[in-house]
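What the coordinates show
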Amino acid sequence: MLVIILPDIPAEDQLLVRARQNDESAMLQIYDYYFPPIFQFIRLRVDDQQQAEDLASDVFLKLVQAMHGRNAPTHSLRGWLFRVARNVLHDYYGKEKKFTTTTLEEWLPAPTSGDPEIQFMRSLSVERMRHALKMLATDQQEVLILRFGQTLSLQETADIMGKSLSAVKSLQFRAVNTLRGILGDMHMENANG
Amino acid sequence: MVDRDLIDAFNECIDLLAAGQSIDDCLRRYPQYADVLRPMLEAGLLARRAQVSPTETADAQARGRARFQDALRKPAPPRVYRLSWARLAAGVLLVFMLSSVGISLAAQDSLPGDPLYNVKRLTESVQLVISGSSPTLQAAFEERRIAETHTLLALGREAQVTLEGVITQIDEATWQLADLQIQIDPTLPDAVLIQSADRVMINARTTRQGTLIAETIRLLGRTQPQTLPTVRPSTTLTHTATVLPTATSTSTASPTTSPTPTSRPASATPRTVSSTPGQRILATAPPNALSTVAPPSPTSVVTCLPQHPDDWIEYSIQSGDTLSNLAQRSGITLERLLRVNCITNADIIRVGQRIYLPGGTTSPSTPDVRTEPTRQPPAPTQIEQNNTEQRNNDVTPQSRPASSATPASRGNRG
């Protein structure tokens, strides 16, 4: 499988080389640059703040370990980190798809102007949005976070998730429609009050 | 069912959005799908909105950074050489190519718990098979186990060991096998059945303090005299006959309270040997293949003589009989039957073999006849107390009180 070198900073490879040589500042740069997206990715999947932090730490600790060993990433660091994050989450959750239940009382009433569905979606708070996302299957959550949230390319997402390009295309399609279904249900519930 | 083109169009639009374009830009490109794509893209964009707040992220980042820095500064762990499959295969091949002798030589000095110990034991098993289970070899291996155990104890190393040999009791919970002292909890299953001079197999563990603690114990057999006893009861073998206790064996009348040095099997007279109070063992009819070598300690030479109450009779084993069903029919436990008759290997009985059973064995007998205390049909847990008491009682029941001058309970050894 041809791995396209991502539009990461070309300087990143240089950074990696320095990091490999135990250059602490290079490693810290990597940490500072990549911590937010990795943390985002994890935090959306894990309810507990502390747990999310621990898991995110784990990802970077694994980077440190990998740098010492043989499996240090030499390019596509972002993909590497997301893969590790994914694995860390899988280990944490097991392989089952986790669904969280949501209570209807949490949902805000929908505004009435414009296309109801879209208006409703726009009015959703971040919390609600997260709840809705969590009701998706794991793969579906991931693809949405990576493709939309992190704006990663199809190819990179496929690499991270270990899937084919067409599989990711189908997955994202289904994920979005499932999400719409969930949101639609919520909207209905709200409308009926 | 879904239009392939729609799926692709959707995908394209996602990329467009990622590049900073708007939903409308995308819909202009795919007007034919505009109606469908719009809500989908809006929904997808919500995933972007489901972001963690920047402050939360920043806090988490700050907290994690220190940890990260610590991890960076820790010295690199020693390189773990991951074994590749190719290397593993080559290694296995190499091992095969090495002569097995070479490996077993290397294993020779290993102790339980060492990596090569299994090789050592395997080698021994192979040797035993080849030698046709030569008893000399077996004895040699048993010696080895004992030596290994000594080494482990001296090293203060914890390991599991298995020992086989003749055992003697020192006190309530201390036993001796060869020159090893073993702690045996009297409540261990089977521990109660064990008497001095029994051949046992013990699984034990060595401790750091240099003690040996038994975990399981299994009776393998009793030492047997080499000569047959001449103390057969003179009565005929009818089940109504009263079997007189062997005359001299009524040293039963003197249940010893302390381990007495027992006479060697070679003596012709019936000997009463007991290393435990009330534990009289008389020479028994079926010679046993077990080693008759008395353990080194002078207190533990034991010959097993069937000792039975006078109302027991000799019974000739018939085809189809099993010891357990005989025991059951007689209303005694199997252990008792074995013990009284000094049978150590319940698997080897022959048709025509003579054993002693409570009178009236062909029909279930009543416990009262023997006046055993609460002797009900198989109650395996009640063996000890009753067994030894019964064994003491080889004279008529009435005289039992006299003869059981000493408490014959198991706990009273030594």
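Residues numbered from 1 in each chain as written. Chains lettered and ligands numbered in written order. Predicted model: local features only at pLDDT ≥ 70, side-chain atom pairs only at ≥ 80, totals over all residues. Heavy atoms only, no water.

Attention shifts here to the overall build of chain A. A count of helices and strands for chain A gives 9 helices and 0 strands. For chain A, the residues scored as buried account for 52% of the 193 residues in total. Considering only contacts in chain A between residues 6 or more positions apart, those separated by 24 or more positions represent 68%. Summed over its atoms, the accessible surface of chain A is roughly 8700 Å², and 53% of this surface lies on carbon and sulfur atoms. (Helix = DSSP H or I, 4+ residues; strand = E, 2+ residues; numbered from the N terminus. Buried < 20%, exposed > 50% of the residue type's maximum accessible area, 1.4 Å probe, protein only. Contact = heavy atoms within 4.5 Å. Areas by Shrake-Rupley, 256 points an atom, 1.4 Å probe, with all protein chains shown as cover.)

On the chain B side, the residues contacting the 48 residues of chain A number 46 residues. Summed over both sides, the interface of chain A with chain B buries roughly 4500 Å², with 59% coming from carbon and sulfur. Remark: the boundary between chain A and chain B carries 7 salt bridges. Salt-bridge contacts for R63(B) lead to E53(A); the nearest nitrogen and oxygen are separated by 2.4 Å. At the surface where chain A touches chain B, the tally comes to 16 residue pairs in polar contact (both at pLDDT 80 or more). Elements represented by at least two residues in the side of chain A that touches chain B include exactly α2 (24–43), α3 (49–68), α5 (116–123), α6 (126–134), α7 (138–149) and α9 (165–192) of chain A. Taken together, the residues of the side of chain A that touches chain B sort by class into 23 nonpolar, 13 polar and 12 charged. (Buried area = accessible area lost by both parts, 1.4 Å probe. Salt bridge = Lys/Arg side-chain N within 4 Å of Asp/Glu carboxyl O. Polar contact = N/O pair within 3.5 Å; in protein donor to acceptor, adjacent residues only side chain to side chain. Nonpolar A, V, L, I, M, F, W, Y, C, P; charged D, E, K, R; others polar.)

We now examine the state of the cysteines. Between two cysteines, a covalent bond joining their sulfur atoms is known as a disulfide. Residues and elements named next belong to chain B. Considering all chains together, one arrives at 1 disulfide over all chains under this definition. Paired through a disulfide, C13 and C26 show a sulfur-sulfur distance of 1.6 Å. Judged by the torsion about the S-S bond (65°), the C13/C26 disulfide is right-handed. Within this pair, whereas C13 is found in helix α1 (residues 4–18), its partner C26 is found in helix α2 (residues 23–29), the two being separated by 13 residues in sequence. Exposure class is identical for C13 and C26. Each is buried. (Disulfide = S-S within 2.5 Å.)

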